[in-house]
Amino acid sequence: MKKVITVGFIFLIFLFSFFYISSTRKNYISKNIQVLATSGIETEKKINEISLEFHYKVNIYYPYTSYSNLNKEIENLVGKWLDQLEVAVKEGINLEDQFYTLDIHYDAYNYQNYISYVFTCFLDTGGAHPNTYIETISFDKEKNNLFTIDSFQKTNINILSRFSEISRKELCQNKKLLDSNVWNMVLEGTRPIDKNFQNFAFSEKGVIVFFERYQIAPYSYGSYQVIIPYSQVNF
């Protein structure tokens, strides 16, 4: 009988400990979302947080549309960057002099039945310098589908070669990029492969191709973009 009571007592302690730990576990990033403004079919949302306890600040703006497939992709993008910040915060929780920052803002472009969002993501996790990234999302409103570089290749099997050729022609007009070491980076970063041209947007002037820092030049050179007229890619 005593053995049964002892086992039961230990089990109750285990349950109490589990629920206590679960209830007191801290969420490093609370991800409180604010609705800022609504115009037409689009709403802008914001996540703005500063934590002196966990040494981070978040400032994110992103759109929320009437297209559920598009919203899911945008929320996945925002969630991915928040997760990266949270990992850094957890790993550096005991570093009192470190402050982590995530800042995301976006630009919107429209062309015919296409809408594109270009997200600039600034992430400072205590490295040699903060890092700035570019990610784009394009959407075909008529077909209610995302439009990716794979989608582009279905419309024109030579699209990557054309993007590569036109981009190099435009970039070589920039004398800063003509240094032999840098130009080798340009050649590598504009090779006709998917990852080099995955960031693009549909604008009234043409397809804007975005090249992140480090892709075609050293970090200090910044990011670059090339506008490719639709007539040059048969789109």
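**Regarding the pairing of strand β4 (residues 100–111)**
Sheet topology places strand β3 (residues 56–64) next to β4; 5 bridges connect them, and they run parallel. Along β4, the bridge assignment pairs Lys57 with Thr101. Pairing geometry for β4 and strand β5 (residues 114–124), over 11 bridges, is antiparallel. Paired with Tyr106 across the two strands is Phe119, which belongs to β5. The hairpin formed by β4 and β5 contains 2 residues between the paired strands, and Gln112 there has a positive phi angle of roughly 50°.

**Re the side chain of Glu49**
Inspection of the secondary structure assignment puts Glu49 in strand β2 (residues 42–51). For Glu49, a relative accessible area of 7% corresponds to the buried category. In this structure the side chain of Glu49 is engaged in a polar contact, spanning 2.8 Å, whose partner is the side chain of Tyr56.

**Quick notes on helix α2 (residues 68–91)**
With 24 residues, α2 should reach 34 Å at 1.5 Å per residue; the first-to-last C-alpha distance of 34 Å fits that figure. Where α2 is concerned, the buried positions are Leu70, Asn71, Ile74, Leu77, Val78, Trp81, Leu82, Leu85, Glu86, Ala88 and Val89. Its buried side turned inward, α2 meets β2, β3, β4, β5, β6 (131–140) and β7 (145–146).

**Structural notes on helix α4 (residues 159–171)**
Between its terminal C-alpha atoms α4 stretches 18 Å, which fits the 18 Å expected from 13 residues at 1.5 Å a residue. Tucked into the core, α4 has its buried residues touching α3 (149–155), α5 (180–189), β9 (207–211) and β10 (224–228).

**Details of the layout of surface pockets**
Roughly 370 Å³ of volume is contained in the largest pocket. Lining the largest pocket are 19 residues, and of these Glu73, Glu135, Thr136, Ile137 and Gln198 sit closest to its centre. Sorting the residues of the lining of the largest pocket by element identifies α2 and β6 as the ones contributing at least two each. With 6 residues, the top contributor of residues to the lining of the largest pocket is β6. The class makeup of the residues in the lining of the largest pocket is 9 nonpolar, 6 polar and 4 charged.

**Topic: the sheet that holds strand β8 (residues 200–202)**
Spatial ordering of the open sheet is given by β8-β9-β10, a layout of 3 strands whose pairing is antiparallel. The sheet is open, and its two edges are formed by β8 and β10, each paired on a single side. On average, each strand axis in the sheet is inclined to that of its neighbour by 20°, with strand direction left out of account. Bridge analysis of β9 against β10 gives 5 bridges, and the strand direction is antiparallel. Each residue of the ladder has a partner; that of Val209, found in β10, is Val226. Strands β9 and β10 of the sheet are contacted by α4, whose axis makes an angle of about 120° with β10.

Rules used in this analysis
Residues numbered from 1 in each chain as written. Predicted model: local features only at pLDDT ≥ 70, side-chain atom pairs only at ≥ 80, totals over all residues. Heavy atoms only, no water. Pairing = 2+ DSSP bridges. Helix = DSSP H or I, 4+ residues; strand = E, 2+ residues; numbered from the N terminus. Buried < 20%, exposed > 50% of the residue type's maximum accessible area, 1.4 Å probe, protein only. Polar contact = N/O pair within 3.5 Å; in protein donor to acceptor, adjacent residues only side chain to side chain. Expected span 1.5 Å × (residues − 1). Contact = heavy atoms within 4.5 Å. 1 Å grid on protein atoms, 1.4 Å probe; cavity = no way out; pocket = protein on both sides within 12 Å on 5 of 7 lines; lining within 4 Å. Points joined across faces, edges and corners; volume = space filled by probe spheres on them. Nonpolar A, V, L, I, M, F, W, Y, C, P; charged D, E, K, R; others polar. Axes fitted to C-alpha atoms, helices over the stretch in contact; angles between N-to-C directions.

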